[in-house]
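Observations on the three-dimensional arrangement
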Amino acid sequence: MGKHALLSASSSKRWLSCTPSARLEEQFKDEPGGSVYAEEGTAAHALAEHKLKKALKRRSKRPVSDYHCDEMEECTDGYVAFAMEQVELARQECKDPVVLIEQRLDYSAYVPEGFGTGDLLIVADHVLTVIDLKYGKGVAVDAEWNPQMMLYGLGALELFDALYDIEVIRMTIYQPRLESVSTWEISVKDLMEWVEMELKPKAVLAIKGEGEYHSGDWCRFCRAKNTCRARAEEYLRLAQMEFKQPPLLTDEEIAEVLKVADELAKWSADVYAYVSAPMIKCKKTPKKKCRFMAERRKKR
Ligand code: SF4
């Protein structure tokens, strides 16, 4: 089995919103530029795992990484302090809570071949706590109705529901570089309703590459984003704004233009990045392969 599931928890917002995207993505490799952030995140997780194990008096060897810096030390210290607070809270409610770090969570009973890794699980009577450390500093992520966290919760339920009387899943996304801590709770009953109404039907479509293409902010993490037709059509539709008759734009219309311009700028930056890649290859490959650059040169 591969390291990442096709219908992974971390990409679930995308494949639930645009079900054919998971199969479409298979034809693209990871973007080389993204790996630096991924490596930095991996280093932060390894350091956090080590510190948390030490705080729980477990054996652990400090990892070594070129990405370690004062900021990462501070962020992981803060995460461990928060995690230990949650462990203490669980101990007040239940005398033997289970604390699992970097736990593989299998939710394939609901999503074909679905699995992921939870950063921290605290399993106690009544409440199962799932905590996810996000080291990125792009956008603050909300825990409310967050499918990644709900899938982790499902995987944890698969492991512990028979042993503990779990009624509620408490999910926290801890994002130290944005000073954001988002917590949300859902009852097991409501979670299972979501599974039946939303998750299972969409997962069936996604594994087959079926359903409707639907663009949105989740496209940022899609490997097909530069050449996706549905995304291009959506942005081109946005560009065709219609205004009322008076000769001057109103403040509301200007606000609308700015919103659309921002989205268009992000999309065109993605397309330019894609077009620039063949330019590098051009030195070694026949010119006919570089039609994008040829067309750009013609226009100048
Ligand atoms: S870029 Fe967006 S619309 Fe296109 S396949 Fe990916 S998620 Fe779907």
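Residues numbered from 1 in each chain as written. Predicted model: local features only at pLDDT ≥ 70, side-chain atom pairs only at ≥ 80, totals over all residues. Heavy atoms only, no water.

Every one of the 13 residues lining the ligand counts as a neighbour, but Cys18, Cys219, Cys222, Lys225 and Cys228 are closest to it. For the shell around the ligand, the residue count by class is 7 nonpolar, 3 polar and 3 charged. (Near = heavy atom within 4 Å. Nonpolar A, V, L, I, M, F, W, Y, C, P; charged D, E, K, R; others polar.)

As a further point, take a negative patch on the surface. Judged by side-chain charge, Asp96, Asp106, Asp125, Glu158, Asp161, Asp165 and Glu167 come together as a negatively charged surface patch. For Asp165, the location among the structural elements is in the loop between α5 (147-160) and β4 (166-175). (Patch = residues over 30% accessible without salt bridge, like charges linked within 9 Å, V, L, I, M, F, W, Y side chains within 5 Å. Areas by Shrake-Rupley, 256 points an atom, 1.4 Å probe, with all protein chains shown as cover. Salt bridge = Lys/Arg side-chain N within 4 Å of Asp/Glu carboxyl O. Lys, Arg positive; Asp, Glu negative; His and termini not counted. Charge placed at Lys NZ, Arg CZ, Asp CG, Glu CD. Helix = DSSP H or I, 4+ residues; strand = E, 2+ residues; numbered from the N terminus.)

Moving on: the packing of α5 against helix α6 (residues 188-208). It is the contact of α5 with α6, at a shortest axis distance of 11 Å, that shows an interaxial angle of 115°. Put simply, α5 runs roughly perpendicular to α6. Handedness of the crossing formed by α5 with α6: left-handed. From α5, Pro147, Met150, Leu151, Leu154 and Leu157 reach across to α6, where they touch Val188, Leu191, Met192, Trp194, Val195 and Leu199. The class makeup of the residues in the contact of α5 with α6 is 11 nonpolar, no polar and no charged. (Axes fitted to C-alpha atoms, helices over the stretch in contact; angles between N-to-C directions. Parallel < 35°, antiparallel > 145°, perpendicular 65-115°, else oblique. Left-handed = near helix turned anticlockwise from the far one by under 90°. Contact = heavy atoms within 4.5 Å.)

Further remarks concern α6. Along its 21 residues, α6 runs 28 Å from first to last C-alpha, staying within 8% of the 30 Å computed at 1.5 Å per residue. The sharpest bend along α6 reaches about 45° and sits at Val195. Taken together, the buried positions of α6 are Val188, Leu191, Trp194, Val195, Leu199, Ala203, Ala206 and Ile207. Looking at the buried positions of α6, the neighbouring elements they touch are α1 (12-17), α2 (21-25), α5, β4 and β5 (180-187). Taken from the residues just after α6, Gly209 is the one with a positive phi, measuring 75°. (Expected span 1.5 Å × (residues − 1). Bend = angle between axes of the 7 residues up to and from the residue. Buried < 20%, exposed > 50% of the residue type's maximum accessible area, 1.4 Å probe, protein only.)

Ranked by size, the top nonpolar core spans 57 residues in total, and within it Trp15 and Leu199 carry the most contacts. Those residues in contact with Trp15 that lie beyond four places of it in its chain are Leu6, Leu7, Ser8, Ser21, Ala22, Val111, Leu151, Leu199, Ala203 and Ala206. Membership of the second largest hydrophobic core comes to 6 residues, among which are Ala44, Met72, Cys75 and Tyr135. (Core = buried A, V, L, I, M, F, W, Y, C linked by side-chain atoms within 4.5 Å.)

Another aspect to go through is the pattern of salt bridges. As enumerated under the stated definition, the model contains 14 salt bridges in all. Here Arg62 makes a salt bridge to Glu73, at a shortest N to O gap of 2.4 Å. Here Glu73 lies in helix α4 (residues 70-93) and Arg62 lies in the loop between α3 (34-55) and α4, a separation of 11 residues in the sequence. Ionic pairing is found between Glu196 and Lys200, a salt bridge with its closest N-O pair at 2.9 Å. With a gap of 4 residues between them, Glu196 and Lys200 both fall in helix α6, about one helical turn apart.

Next up on the list: α5. For α5, which comprises 14 residues, the first-to-last C-alpha distance of 20 Å matches the rise-based estimate of 20 Å (1.5 Å per residue) to within 8%. Most of α5 is tucked away: 12 of the 14 residues are buried. All of the buried residues in α5 are Pro147, Gln148, Met149, Met150, Leu151, Tyr152, Gly153, Leu154, Gly155, Ala156, Leu157 and Phe160. The opening residue of α5, the one whose side-chain oxygen lies 3.0 Å from the backbone nitrogen of Gln148, is Asn146. (Polar contact = N/O pair within 3.5 Å; in protein donor to acceptor, adjacent residues only side chain to side chain.)

Here we take up the sheet that holds β5. Taken in spatial order, the 5 strands of this open sheet run β1-β2-β3-β4-β5, and their pairing is mixed. Looking along the sheet, the strands with just one partner apiece sit at the ends: β1 (98-106) and β5. Strand after strand, the sheet turns through a mean of 25° between neighbouring axes, direction not considered. As judged from the 8 bridges shared by strand β3 (residues 126-133) and β4, these two strands associate in the parallel manner. (Pairing = 2+ DSSP bridges.)

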